[in-house]
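Topology and contacts: notes
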Amino acid sequence: MPTFSNPVLAGSHPDPSICRVGEDHYLVTSSFAYYPGLPVFHSRDLVDWRPLGHVVDRPSQVPLTGLDVSDGLWAATIRHHEGTFYVVVAAARARQGSATYLFTATDPAGPWSEPVVLEAEGIDPSLFFDDDGRCWFTACRDAAEPAVTGPGELWMRELDLETLALTGPAHALWYGAMRGAWVEAPHLYKRDGVYWLIAAEGGTEHHHAVSAARADTVTGPYATDPRSPLLTHRHRGAAEPVHNVGHVDLVETAAGETWAVALAVRPIEGTHTLGREVFLVPVEWTPRGPVFAPEAGRVRLSERLPAGATAAPRRDTPVRYAFDGPALGPEWLSLRGPVDDRVSCGAGPGGLTVRLSPEPLTSTGTPAFVARRQQHVRLRARARVRFADATPARQAGLAVFQNTGRHATLGLTADASGTPQVVLTGVEAGVATRLGAVTVADSEVVLTVDSDEAGYTFRVDDGTRSTPLGSIERAFFSTERAGGFVGVHLGLYGVGDSGEAQVRWFEYTPA
Ligand code: 6LW
């Protein structure tokens, strides 16, 4: 039986939402305080996903400045109705929903509209287009009487498609299958006249689970599907390679199959660094309702291909960025806003120019920093960096970035006498520790980080010798240690009062 490998989107891509138009599937994932925000992917076969663009690609759309890396844009839903694509998303501040935005587009590659702010509280908004043409908005929020119902409430209001405003009464729908657990990530579907409310419970970590309720009328009452949880790995032991499964969205393919996209993680000895990734799970509709992973009862790293899919894509191809095009590719992200004034590519033979900014990686602004997701645990990342303007207060180089308070930098700088130097710095709880330093023979060096199950090992080559600068254990960068919702990103940065560094190339080589 031909198979594909899960995850179908590796690296930090949480909270997947999916829709289909004809033969084309579109998927959106969370982006938090990274910019551009809300990446949109396209796939014909559900297995091979290509980036199309971003919903948020102008700072006017959503303010992200000042936010923690794990706040910002959480858990969007993408839907298509009569020629228009809709994305709803909650923006979080201090780990609480603070605003709900609705974007529209006729082309999912963009441009997407400026947002409409919906009068909604909570997080994890979703839209359901009923077959009578009405549209229903659902989300989760704190329950009014948590002692009675449990902490979370799924609620609904109608969305007026003319005015794009919520209208009519709010309906409380459901409090989850497991009393006491927080319920979130609702999506509504209709199958054979029955409304299915599918949600996540237990939090996005080890106890994450998919549960369901059903109703004959869209506004309820909803009755818990007693089979809940319908999908979870909370009962799996340490040998299970996939954990924290939940937060699903369903799609029916043109061939008539149903598949779910779910988030899950791949821990190593109890910690994961790549973030929450997108897994594809077969679903079978039965008279009892949806059955997830009907053969295995769990999410597998190797799964049968969807009907019509031919070959599984390779996901371990090395990538070399020469930065000679006019712009960075869609996988390159900055923090909280654009860095066009500080990071530019394509000008002459220089590669990527990084204009130093005083804003450090520990700030909640927009440092001179661009990064891409780490998608493989075993990896070599290298950058050839030239920095002739170095002083002790300026540095530019390679960063392994988990969050604002927790990252490492391998930077080219200078000592007090102006001699070029490469310094490895670890930052924990925002406090920097110098872990290694070496004088180098040239102001152009190759900076290398090797990542594997044990840790990240840093090295510099200055043309005459290769010098190790130290290692940091892998778990240091894990979500279990760092908290929050994001995975590791690998990036290029420049910090200082002024000066300019050139990154000739950057290589990302899965081992
Ligand atoms: C997301 C929610 C969640 O909105 O994490 O713990 C949030 N659960 O479903 C951010 O990914």
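What counts as what
- Residues numbered from 1 in each chain as written.
- Predicted model: local features only at pLDDT ≥ 70, side-chain atom pairs only at ≥ 80, totals over all residues.
- Heavy atoms only, no water.
- Domains from an automatic or database assignment.
- Contact = heavy atoms within 4.5 Å.
- Buried area = accessible area lost by both parts, 1.4 Å probe.
- Salt bridge = Lys/Arg side-chain N within 4 Å of Asp/Glu carboxyl O.
- Polar contact = N/O pair within 3.5 Å; in protein donor to acceptor, adjacent residues only side chain to side chain.
- Helix = DSSP H or I, 4+ residues; strand = E, 2+ residues; numbered from the N terminus.
- Buried < 20%, exposed > 50% of the residue type's maximum accessible area, 1.4 Å probe, protein only.
- Pairing = 2+ DSSP bridges.
- Near = heavy atom within 4 Å.
- Nonpolar A, V, L, I, M, F, W, Y, C, P; charged D, E, K, R; others polar.
- Phe/Tyr/Trp six-rings, centres within 6.5 Å; stacked < 30°, edge-to-face > 60°.
- Lys NZ or Arg CZ within 6 Å of the ring centre and 35° of its normal.
- Core = buried A, V, L, I, M, F, W, Y, C linked by side-chain atoms within 4.5 Å.
- Axes fitted to C-alpha atoms, helices over the stretch in contact; angles between N-to-C directions.

1. Points about the domain arrangement of the protein
Splitting the protein by domain gives domain 1 (3-304) and domain 2 (319-510). Taking only C-alpha atoms, the centre of domain 1 and the centre of domain 2 are 33 Å apart. Listed by partner, the interface residues are 33 residues for domain 1 and 31 residues for domain 2. The contact between domain 1 and domain 2 buries some 2800 Å² in all, and 61% of this surface belongs to carbon and sulfur atoms. Sorting the residues of domain 1 by area buried against domain 2 places Tyr34, Tyr35 and Thr273 first, and these three jointly supply 25% of that buried surface. In this structure, the connection of domain 1 to domain 2 is made through zero salt bridges. Taken together, the links from domain 1 to domain 2 amount to 16 residue pairs in polar contact (both at pLDDT 80 or more). Going through the elements one at a time, strand 4 (34-35) and strand 6 (50-56) are the ones with two or more residues in the side of domain 1 that touches domain 2.

2. Examining the pairing of strand 39 (residues 500-510)
For strand 39, a buried count of eight out of 11 residues is recorded, marking the element as mostly surrounded by other parts of the structure. Judged from the three bridges that link them, strand 25 (residues 319-321) and strand 39 form a sheet pairing that is antiparallel. Looking at strand 39, one finds that tyrosine 321 is bridged to phenylalanine 506. Summarising the sheet, strand 30 (residues 379-386) and strand 39 pair through eight bridges and their orientation is antiparallel.

3. Considerations on the site of the ligand
What surrounds the ligand is the set Asp15, Phe32, Trp74, Ala75, Asp124, Glu184, Thr204, His247, Arg276 and Phe485. The separation between an oxygen atom of the ligand and a polar side-chain atom of arginine 276 is 2.7 Å. Looking at the shell around the ligand, its residues break down into four nonpolar, two polar and four charged.

4. Notes on unusual backbone geometry
The omega torsion across tyrosine 35 and proline 36 is -5 degrees, close enough to zero to call that bond cis. Within the element layout of this structure, proline 36 appears in the loop between strand 4 and strand 5 (37-43). Of note in this structure, phenylalanine 32 is not a glycine but carries a positive phi near 60 degrees. Within the secondary structure layout, phenylalanine 32 lies in the loop between strand 3 (24-28) and strand 4. For arginine 336, which is not a glycine, the phi torsion comes out positive at approximately 70 degrees.

5. Observations concerning the packing of aromatic side chains
Using the criterion set out here, one finds 17 aromatic pairs in the structure. Ring centres 5.1 Å apart and planes at 90 degrees place the aromatic pair tryptophan 74 and phenylalanine 485 in the edge-to-face group. Of the two residues, tryptophan 74 is situated in strand 7 (residues 72-81) and phenylalanine 485 in the loop between helix 2 (479-482) and strand 38 (489-495); the sequence distance between them amounts to 411 residues. On the basis of relative accessibility, which here comes to 7%, the residue tryptophan 74 falls in the buried class. In this arrangement the basic side chain of arginine 372 is found over the ring face of tyrosine 508, its NZ or CZ atom lying 3.6 Å from the centre.

6. Examining the pairing of strand 35 (residues 444-451)
Strand 35 sits mainly inside the fold: seven of its eight residues count as buried. The pairing of strand 30 with strand 35 spans eight bridges and is classified as antiparallel. Note on strand 35: the bridge partner recorded for valine 385 is valine 445. Alignment of strand 35 against strand 36 (residues 455-461), held across six bridges, turns out to be antiparallel. When the sheet's bridge partners are listed, valine 449 is paired in strand 36 with phenylalanine 458.

7. Notes on the environment of glycine 487
Mapped onto the fold, glycine 487 is located in the loop between helix 2 and strand 38. For the pair glycine 487 and leucine 274, spaced 213 residues apart in the sequence, the C-alpha separation amounts to 4.6 Å. Setting aside residues no more than four positions away along its own chain, glycine 487 makes contact with Ser12, Thr273, Leu274, Gly275, Phe401 and Gln402.

8. Describing the nonpolar core
Within the largest apolar cluster, 45 residues are counted, with the highest numbers of intra-cluster contacts made by Phe323, Leu352, Val422, Phe458, Leu492 and Phe506. Ignoring anything within four residues of it in the chain, the contact list for valine 422 reads Leu410, Gly411, Leu412, Gly436, Ala437, Val438, Val440, Val445, Leu447, Val460 and Leu469. Counting residues in hydrophobic clusters, the runner-up holds 34 residues, among them Val183, Tyr222, Ala371 and Tyr493.

9. Concerning the sheet that holds strand 5
Reading across from one edge, 2-3-5-6 is the order of the four strands in this open sheet, with antiparallel pairing throughout. At either margin of the open sheet sits one strand with a lone partner, and together these are strand 2 (17-21) and strand 6. For this sheet, the mean angle separating the axes of adjacent strands, direction not counted, is 25 degrees. As paired elements, strand 3 and strand 5 share four bridges and run antiparallel to each other. Note that in strand 5 the partner of tyrosine 26 across the bridge is histidine 42.

10. A word on the sheet that holds strand 13 (residues 152-160)
The pairing of strands in a sheet happens through backbone hydrogen bonds and is either parallel or antiparallel. Spatial ordering of the open sheet is given by 11-12-13-14, a layout of four strands whose pairing is antiparallel. Both outer strands of the open sheet, strand 11 (123-129) and strand 14 (165-174), are each paired with one neighbouring strand and no more. Direction aside, the axes of adjacent strands within the sheet are offset by 25 degrees on average. Here strand 12 (residues 135-142) runs beside strand 13; their pairing, made up of eight bridges, is antiparallel. What sits directly across from cysteine 140, in strand 13, is leucine 154.

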